[in-house]
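Fold and geometry: a report
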Amino acid sequence: MSGRRIEIVEVSPRDGLQNEKQPVSTAQKLELVGRALAAGIRRVEATSFVNPKRVPQMADADAVMAGLKGRDDAAFIGLALNAKGVDRAIAAGCDEINFVVVASDTFNRKNQGVGTEESLAAWSAIARQAKAAGKRCSITIGAAFGCPFEGEVPATRVLDVAERALAAEPDEIALADTIGCGVPSQVTALLSGLKAMGGTAALRCHFHDTRGTGLANVAAAVEAGVDALDASIGGVGGCPFAPAATGNIATEDTVWMLERMGISTGIDVDALVAAAHWLEEVLGKRPPGAISRAGVFPPAPLAA
Ligand code: ZN
């Protein structure tokens, strides 16, 4: 496993902040992205182009992207769930469009107002729209490890949704543990199922640490050959449908563990820890990540 490289996608500006009650200013979001880039992160889920009435924290999507103009050293992802959102994301200068389809029909209806089938149909058109504009496109399968409404989501169901999502030939497909209920054996089974489908789409995983399995799932995903992992500085971010959700896996915890395993991320963990402390000040609460509290190991040698 040593010598491999895993790409980290920083999702704190979107998934991390979207459920924070306290408004975070555009300037603070831009500083968050700036800190992520300074740490070496090269791919950021910057914002979402959804109804601002439903997700008020993302109402400044255009302003965030305007503030990132000229940052050609990184790729910025915009989440969009319909054609209008994709148009907005393209106009705003996003490099990549990410779409979400939820593996459980009930959750998809709560999240997107339509069933999984309708979302899959919409996805084909959205993938074409993004590609026609020269954008990368990726799809995330939500609730791939369990649903707050339907309970267990069978692997056969997740893989069926994935197979149909792959028909639109995305650049990447992601499995999301939206409510943080997944365990490593599921990661292994689902990723091997995806790999068996062949194709050229990169594989990404999106884990939440709600029930303490986040980094165990990362280890399983790495072992199963994942290409990229979503993570959030400080481990901020919860799902509105997951009570007491403790957020995404923390970027600094993930990077620290991977680097200590000999897997390269190209990211400076100390800069991430500093960013997590800064975010703690902004949000006025301690983020759930572990390394920002416990400290990096081994510690930096004392100056002579
Ligand atoms: Zn999430």
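Shown above is the structure to which this text applies.
Residues numbered from 1 in each chain as written. Predicted model: local features only at pLDDT ≥ 70, side-chain atom pairs only at ≥ 80, totals over all residues. Heavy atoms only, no water.

**Remarks on helix α2 (residues 26-38)**
In plain terms, the rule: Working definition: helices are DSSP H or I runs of at least four residues, strands are E runs of at least two. Numbering for both runs from the N terminus. One less than the number of residues in a helix, times 1.5 Å, gives the span that helix is expected to have. Burial status follows relative accessibility: with a 1.4 Å probe on protein chains alone, a residue under 20% of its type maximum counts as buried, one over 50% as exposed, and anything between as partly exposed. This arc is built from the directions going out from the helix axis to the C-beta atoms.
Here α2 is 13 residues long and its end C-alpha atoms lie 18 Å apart, about the 18 Å a rise of 1.5 Å per residue gives. Considered for burial, the residues of α2 that qualify are Lys29, Leu32, Val33, Ala36 and Leu37. Buried residues along α2 cover an arc of 135° about the axis, so they all sit on one side. Across α2 from its buried face, at more than 90 degrees, point the exposed residues Ala27 and Ala38. Glycine 40 sits one or two residues past α2 and shows a positive phi near 115°.

**Considerations on the pattern of salt bridges**
Here is the rule we go by: The term salt bridge refers to a side-chain nitrogen of Lys or Arg lying within 4 Å of a carboxyl oxygen of Asp or Glu.
Counting across every chain of the model gives 16 salt bridges. Across the pair aspartate 73 and arginine 71 runs a salt bridge whose closest N-O atoms are separated by 2.8 Å. Salt-bridge contacts for aspartate 230 lead to arginine 204; the nearest nitrogen and oxygen are separated by 2.8 Å. Remark: arginine 204 occurs in strand β7 (residues 202-206) and aspartate 230 occurs in strand β8 (residues 228-231); sequence separation between them is 26 residues. Across the pair, arginine 204 and aspartate 230 agree in class, each one buried. Through salt bridges that share partners, Glu7, Arg43, Glu96, Arg136, Glu172, Arg204 and Asp230 make up one connected network.

**A look at the packing of helix α8 (residues 184-196) against helix α9 (residues 214-223)**
Here is the rule we go by: Convention adopted: a line fitted to C-alpha atoms gives each axis, helices being fitted over their contacting stretch, and angles between N-to-C directions are expressed from 0 to 180 degrees. Roughly parallel covers angles under 35 degrees, roughly antiparallel covers those over 145, roughly perpendicular covers 65 to 115, and oblique covers all other angles. When the near helix sits turned anticlockwise from the far one by under a right angle, the crossing is termed left-handed; a clockwise turn instead gives a right-handed crossing. Note on definitions: a residue-residue contact is assigned when non-hydrogen atoms from the two residues lie within 4.5 Å.
At a closest axis distance of 8 Å, the pairing of α8 and α9 adopts a crossing angle of 30°. Regarding the angle of α8 to α9, the classification is roughly parallel. The two elements α8 and α9 cross, and the hand of that crossing is right-handed. Here α8 contributes Pro184, Val187, Thr188 and Leu191 to the contact with α9, which in turn contributes Ala216, Asn217, Ala220 and Ala221.

**Structural notes on the packing of aromatic side chains**
When we look at a pair of aromatic rings, we describe it by the centre distance and by the angle of the planes. Basically, it comes down to this: For Phe, Tyr and Trp, rings pair up if their centres lie within 6.5 Å, where Trp contributes its six-membered ring, and each pair is then called stacked (planes under 30 degrees apart), edge-to-face (over 60) or tilted (otherwise).
For the structure shown, the criterion picks out three aromatic pairs. With 5.8 Å between their ring centres and 25° between their planes, phenylalanine 99 and tryptophan 123 make a pair best called stacked. Residue phenylalanine 99 is located in strand β4 (residues 96-102), and its partner tryptophan 123 is located in helix α6 (residues 116-132); the two are separated by 24 residues in the primary sequence. Each member of the pair, phenylalanine 99 together with tryptophan 123, is buried.

**A short note on the nonpolar core**
Our working rule: In this description, a nonpolar core means a group of buried Ala, Val, Leu, Ile, Met, Phe, Trp, Tyr and Cys residues linked to one another through side-chain atoms lying within 4.5 Å.
Among the nonpolar cores identified, the biggest contains 90 residues, and Leu191 and Leu229 are the most heavily contacted of them. No other element matches the eight residues that helix α11 (residues 269-283) contributes to this core. The contacts of leucine 229, once residues within four sequence positions are left out, are Ile6, Glu7, Ile8, Val9, Arg204, Cys205, Phe207, Val218, Ala221, Thr254 and Leu258.

Bear in mind that shape data such as this cannot, by itself, settle questions of function.
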